[in-house]
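A look at the structure
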Amino acid sequence: MIKINQKIDYPLEHSTECLILPWIEVKKPNALLKEIDSKLQGTIGEAIDQKRFSGKFGQTLLLNSKNIVKASNLLLLGVGKTKEVTPEKICQAAATAVKLAEGSKFKSVSADLSILEVISKGKSGLYGELAGAIAEGAGLALYHFENYKSKDEKDDPPRRIEKLTLLTSSKLRHASTEKAIIRAEKIISAVHTARDLISHPGNTVTPNYLAEHAKKMARKNKINCKVLGQKEMERLGMGSLLGVSQGSDEPPALIVLEYIGAGKKKAPSVIVGKGVTFDTGGISLKPGASMDEMKMDMSGAATTLATLQLIASLKLKMNVVGIVAAAENMPSGSAIKPGDILKSMSGKTIEVLNTDAEGRLVLADALTYAQRYKPKEVIDLATLTGAVLHALGHQAAAVVGNNSAMIQKLKDAGNSTGERVWELPLWEEYEKATKSDIADLKNIASPGVGAGTIMGAAFLKAFAGEQPWTHIDIAGTAWGFDRPYTNKGASGFGVRLLLRYFEKSR
Ligand code: BES
Ligand code: ZN
Ligand code: ZN
């Protein structure tokens, strides 16, 4: 993770390899921009005249400024029109800038925050949010998963930015910038934790690895943690979750984390995460192409663990329980077969018509277990269906639930963090299509029913309880989420969304 610090300094007197200057789209440049331009002998004015740069959102212009100002290079960064600037846009713009800086082989960069004063004028709290967004965007964008690369001396190792300095020109802003940095670092660290867990291959991240990670994280953050193993799950009658893991040599785990940040008697929010550490499809085996990516099928679990870490590190005044249903889905002589019937902890029986629809099977028992907490609300996160990729691609997660007010709040949180969610309906016809001829439920609908993502949710609803519940299908966004502050692969989608949701709904 990059180091982020603050310095009170005047941008033109500040020496650095690369100085990022956020630039609003204005017809007439303000005093600072004018001064810079005159020092650069009108280079910027020329770029603006020639329409190479205007300050439009996301635009960049890298200029060599050696011997002109103290910074060796200036990176002008368009943030768009003042009125249209949002923290999410600033987060994205900062990400674009640091990626360009890293690609240009700079090792440390500075970003001038003085323009944020102009943007946030008269809006209380906005300055801090924007400063935090710069730190967050930069920190998230500079994530690299390099745990398995040997450091070969002969190889030319890639250059990485190690340090970001935020420049504030007024002492007045020092405290709010400092607070923003501390908060951003906690967010970055949580998202990176989720990305790491997802990026590790299936032979590293097993159910047991998730359990050990959870225990360590819980100890650090003063969270209660218990892990139910196979025996305890058998005692509880979790036949649905156990059915999935029975074909694997890796023992399953039900990981339960309890964070108490409010009165002990206050009903908690429960987050349930799908933790299939590798999904081969089981006997309903998946095709070979890209099967390696199914190491990401524990993304819901990763987001759950990272969100608890973040909530605890920010000391939110709320109670949250995280439940991770961890298992590996393998084909073997002991694996469940199409047609097998499982008995879930709820007592409901499930006809398994496709062993690749295993996420809903592990979640069924975890959702039933969640009822023990008499929750205020339940959110489950799961890479549940390929169908969500057809519906929304890598742009948004699908949400399906039983409470429209809750869904609206999640949508709002999604719009302000960029981790967008899109609602799909849950009409009773879909629920009917989950009924089996010979058991209570079947894990896939009959051919022709379609609506794959909704059908997954309709199945889960049978286990979700009566309190507000929302299912978030992150199969399209946990991996390959398309944002300037993400990279190829794991995104950690959901951590920032849930933080925002909890902070706003309290
Ligand atoms: N883990 C997959 C869903 C998935 C697909 C995640 C693509 C990420 C990217 C899930 O367990 C699965 O296989 N779902 C099936 C359900 C079907 C059998 C009803 C699917 O989507 O094909
Ligand atoms: Zn599957
Ligand atoms: Zn799966």
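Presented here is an overview of the structure given in this document. Being a predicted model, the structure only gives us computed values, none of them experimental.

It is worth spelling out the overall build of the protein chain at this point. Within the protein chain, the regular secondary structure consists of 16 helices and 17 strands. For 506 residues, the compact-globule estimate of 2.2 N^0.38 gives 23 Å, and the C-alpha radius of gyration of the protein chain, at 25 Å, lies within 12% of that figure. Based on the C-alpha atoms only, the size of the protein chain along its principal axes is roughly 80 × 55 × 45 Å. Going through the 506 residues of the protein chain one by one, you find that 56% of them count as buried. Carbon and sulfur atoms make up 51% of the accessible area of the protein chain, which amounts to about 21,700 Å² in all.

Moving on: the coordination of the zinc ion (ligand 3). Distances from the zinc ion (ligand 3) to its protein donors, namely Lys274 (NZ), Asp279 (OD), Asp297 (OD) and Glu358 (OE), fall within the range 1.9 to 2.4 Å. For the zinc ion (ligand 3), the six donor atoms in the first shell make angles of 77 to 174° at the metal, a pattern classed as octahedral. All donors of the zinc ion (ligand 3) come from a single chain, and their spacing in sequence reads K-x4-D-x17-D-x60-E. Taken as an interatomic distance, the gap from the zinc ion (ligand 3) to the zinc ion (ligand 2) is 3.2 Å; Asp279 donates to each of them. Highlighted residues: Lys274 in strand β9 (residues 269–279) and Glu358 in the loop between β12 (349–351) and α11 (359–370), separated in sequence by 84 residues.

Here we take up the site of ligand 1. Close contacts around ligand 1 come from 16 residues, with Lys286, Asp297, Asp356, Glu358 and Gly386 the closest. Separating an oxygen atom of ligand 1 from a side-chain N or O atom of Lys286 is a distance of 2.8 Å. One nitrogen or oxygen atom from the main chain of Gly386 is found 2.7 Å from an oxygen atom belonging to ligand 1. When ligand 1 is considered free in solution it has 520 Å² of accessible area, and contact with the protein chains removes 77% of it. Taken together, the residues of the shell around ligand 1 sort by class into five nonpolar, four polar and seven charged.

Bringing the coordination of the zinc ion (ligand 2) into the picture now. Coordination of the zinc ion (ligand 2) by the protein involves Asp279 (OD), Asp356 (O), Asp356 (OD) and Glu358 (OE), with metal-donor separations of 2.0 to 2.2 Å. In this structure, the zinc ion (ligand 2) is coordinated by six donor atoms arranged in irregular fashion, with angles at the metal of 71 to 167°. Here the donor residues for the zinc ion (ligand 2) map to a single chain with the spacing D-x76-D-x1-E.

Right, let's talk about the packing of aromatic side chains for a bit. The tally for this structure, following the rule as stated, stands at six aromatic pairs. Relative to Phe463, the ring of Phe459 lies with its centre 5.4 Å away and its plane at 45°, an arrangement referred to as tilted. With a centroid separation of 5.1 Å and an interplanar angle of 85°, the aromatic rings of Phe481 and Phe493 are classed as edge-to-face. Placement of the pair is Phe481 in the loop between β17 (469–473) and α16 (495–504) and Phe493 in the loop between β17 and α16, with a sequence separation of 12 residues. Considered together, Phe481 and Phe493 belong to a single accessibility category, that of buried residues. A cation over an aromatic ring shows up here: Arg173 above the ring of Tyr127, its NZ or CZ 4.3 Å from the ring centre.

With that out of the way, let us pick up the packing of helix α3 (residues 87–103) against helix α5 (residues 126–141). For any two helices packed against each other, the geometry comes down to the angle between their axes and how far apart the axes lie. Viewed as axis vectors pointing N to C, α3 and α5 meet at an angle of 40°, and their least axial separation amounts to 7 Å. With respect to α5, the axis of α3 lies oblique. Of the two possible hands of crossing, α3 and α5 adopt the one that is right-handed. Residues Pro87, Ile90, Cys91, Ala94, Ala95, Val98 and Lys99 of α3 form the contact with α5, whose own contacting residues are Leu126, Glu129, Leu130, Ala133, Ile134, Glu136, Gly137, Ala138 and Ala141.

Parameters at a glance
- Along each chain, residues carry numbers from 1 onward, in the same order as the chain's sequence is written.
- Ligands are numbered from 1 and chains lettered from A, in the order in which they are written.
- Thresholds applied to this predicted model are a pLDDT of at least 70 for local features of residues and 80 or more for the giving and counting of side-chain atom pairs; totals over whole chains, interfaces and linings are not thresholded and use all residues.
- The basis for every side-chain value is the complete set of heavy atoms in the structure, and neither hydrogens nor water enter the calculation.
- For helices the rule is a DSSP run of H or I covering at least 4 residues; for strands it is a run of E covering at least 2, with both sets numbered from the N terminus onward.
- Each radius of gyration reported is based on C-alpha atoms, and the globular scaling rule is 2.2 Å times the count of residues to the power 0.38.
- The rule is simple: take the accessible area with a 1.4 Å probe, protein chains only, and divide by the maximum for that residue type; under 20% is buried, over 50% is exposed, in between is partly exposed.
- A 1.4 Å probe and the Shrake-Rupley method give the accessible areas. Residues count as covered only by the protein chains that appear here.
- Each metal site lists N, O and S donors within 2.8 Å (3.2 Å for Na, K and Ca). With water left out of the atoms, a site can look as if it is missing ligands.
- A four-donor site is called tetrahedral if each angle lies between 85 and 135 degrees; a four-donor site is square planar, and a six-donor site octahedral, when trans pairs exceed 155 degrees and the remaining angles lie between 65 and 115; all other cases are labelled irregular.
- A molecule or strand has a residue near it when one of that residue's heavy atoms lies within 4 Å.
- Any pair of N or O atoms that falls within 3.5 Å is considered a polar contact. Within protein, one atom must be able to donate a hydrogen and the other to accept it, and sequence-neighbouring residues count only if both atoms are side-chain atoms.
- Any residue that is not Ala, Val, Leu, Ile, Met, Phe, Trp, Tyr, Cys, Pro, Asp, Glu, Lys or Arg is counted as polar, Gly included; the first ten are nonpolar and the last four charged.
- A pair of aromatic rings is counted whenever rings of Phe, Tyr or Trp (Trp by its six-membered ring) have centres within 6.5 Å, and the orientation is called stacked for planes under 30 degrees apart, edge-to-face for over 60 and tilted otherwise.
- Lysine and arginine charges are scored as sitting over a ring when NZ or CZ, respectively, is within 6 Å of the ring centre and within 35 degrees of the ring normal.
- To obtain an axis, a line is fitted to C-alpha atoms, over the contacting stretch when the element is a helix, and the angle between two such axes runs from 0 to 180 degrees between their N-to-C directions.
- Throughout this description, any angle smaller than 35 degrees is read as roughly parallel, any larger than 145 degrees as roughly antiparallel, any in the 65 to 115 degree range as roughly perpendicular, and the remainder as oblique.
- Left-handed describes a crossing whose near helix is turned anticlockwise from the far helix through less than a right angle; right-handed describes the clockwise counterpart.
- Residue contacts are defined here by distance: any two heavy atoms, one from each residue, within 4.5 Å place the two residues in contact.

Honestly, that's just the spatial picture; any functional story needs more than this.
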